[in-house]
Every structure is written in structure tokens, then in C-alpha cells.
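# Close look at the chain arrangement
The chain contents come next:
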Amino acid sequence: QVQLVESGGGLVQAGGSLRLSCTASGRTFSIDAMGWYRQAPGKQRELVASITRDGSTNYADSFKGRFTISKDSAKNTVYLQMDSLKPEDTAVYYCAAGRVVQPSDYWGQGTQVSVSF
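Quick summary incoming for the structure in this document. Just so it is clear, the model here is predicted, and its values are computed rather than measured. (Residues numbered from 1 in each chain as written. Predicted model: local features only at pLDDT ≥ 70, side-chain atom pairs only at ≥ 80, totals over all residues. Heavy atoms only, no water.)

A word on the overall build of the chain. Helix and strand counts for the chain stand at zero helices and eleven strands. In the chain, the order of α-helices and β-strands from amino to carboxyl end is β-β-β-β-β-β-β-β-β-β-β. Its C-alpha atoms give the chain a radius of gyration of 13 Å, within 12% of the compact-globule value 13 Å for 117 residues. Once the C-alpha set of the chain is aligned to its principal axes, its extents read approximately 40 × 25 × 25 Å. The buried share of the chain, taken over its 117 residues, is 45%. Of all intrachain contacts in the chain linking residues separated by at least 6 positions in sequence, the fraction that spans at least 24 positions is 54%. For the chain, the distance from the average position of its 12 positive side-chain charges to the average position of its 10 negative side-chain charges is 2 Å. (Helix = DSSP H or I, 4+ residues; strand = E, 2+ residues; numbered from the N terminus. Rg over C-alpha atoms; globule rule 2.2 N^0.38 Å. Buried < 20%, exposed > 50% of the residue type's maximum accessible area, 1.4 Å probe, protein only. Contact = heavy atoms within 4.5 Å. Lys, Arg positive; Asp, Glu negative; His and termini not counted. Charge placed at Lys NZ, Arg CZ, Asp CG, Glu CD.)

This is the structure we're talking about:
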């Protein structure tokens, strides 16, 4: 099993930035990719970005340019730097891990990001 713990969510004004962190523990050797998804109220969960073990990144088109995913392999931690935040970015952000580019085998508990006008 793999456990994922997110942190870094919160309330920010439009135009501001936040950095989310997700640390994996347990059978981390079984993970080939980690990523971030988000779910806004009344909407389906959607992929934001993912990163593979070798550092290759994958972004949903909507987030290219404003969000940046990175990792610290030594800490088993993935980050999501979110800049130029908009009120429509308000959502619960989930960390995920797995064996494919859009990982979904393991999930964190989610962290709330709220962007005010």
C-alpha cells in the first residue's frame, strides 16, 4: 500500500499563488507516476498534471502555463505550484499515485483551495 498526505491548501486572493505538497510513504517503489487532480463543486474530478519517476511531466491543457508540477525524489514528494490563481480554480485538490501517466491507484485525502475575488 501507498499512503499520500497532501498539504498547502488554503484561501488566497485572485492573482495569488499557492504551492501544494504531497508526500508518499509505504510501498513507494511500486509508484511510477504521481499527479494532482481537482474537483470543483458540482463538477467531475479532473487531471491537473502528473509527473513520472524519470521526471516527465504531463499537463491538462487548461493548466499549462499557470501550474507547475515538480518532485523531490529523495523526499518522495510532489509539488504543484499554482500561480495567477482564479476564483474558478477553487476546488478540492487530490494527490494521486500509480503506475500510469494519469495515476489513480492511490489517493490522498484532498486539500481545499479557495480563491476569492
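To continue, consider unusual backbone geometry. Located in the positive-phi region is N76, a residue other than glycine, with phi close to 50°. Relative to the elements of secondary structure, N76 occurs in the loop between strand 7 (67–72) and strand 8 (77–82). One non-glycine residue, S84, lies in the positive phi region at around 50°. Taking the relative accessible area as the measure of exposure, S84 reaches 43% and is therefore partly exposed.

This next bit is on the side chain of S50. Structurally, S50 is set in strand 5 (residues 46–52). Judged by relative accessible area, S50 falls into the buried class, the value being 1%. A distance of 2.6 Å separates a polar side-chain atom of S50 from the backbone oxygen of V101. With residues near it in sequence (within four places) discarded, S50 still touches M34, G35, S56, T57, N58, I69, V101 and P103. (Polar contact = N/O pair within 3.5 Å; in protein donor to acceptor, adjacent residues only side chain to side chain.)

Right, let's get into the state of the cysteines. As enumerated under the stated definition, the model contains one disulfide in all. A sulfur-sulfur distance of 2.0 Å marks the disulfide that ties C22 to C95. Across the disulfide from C22 to C95, rotation about the S-S bond amounts to roughly -80°, and the bridge is consequently left-handed. Taken together, the residues span a long stretch of sequence, with C22 in strand 3 (residues 18–26) and C95 in strand 9 (residues 91–98) at a distance of 73 residues. Given a relative accessible area of 0%, C95 falls into the buried group. (Disulfide = S-S within 2.5 Å.)

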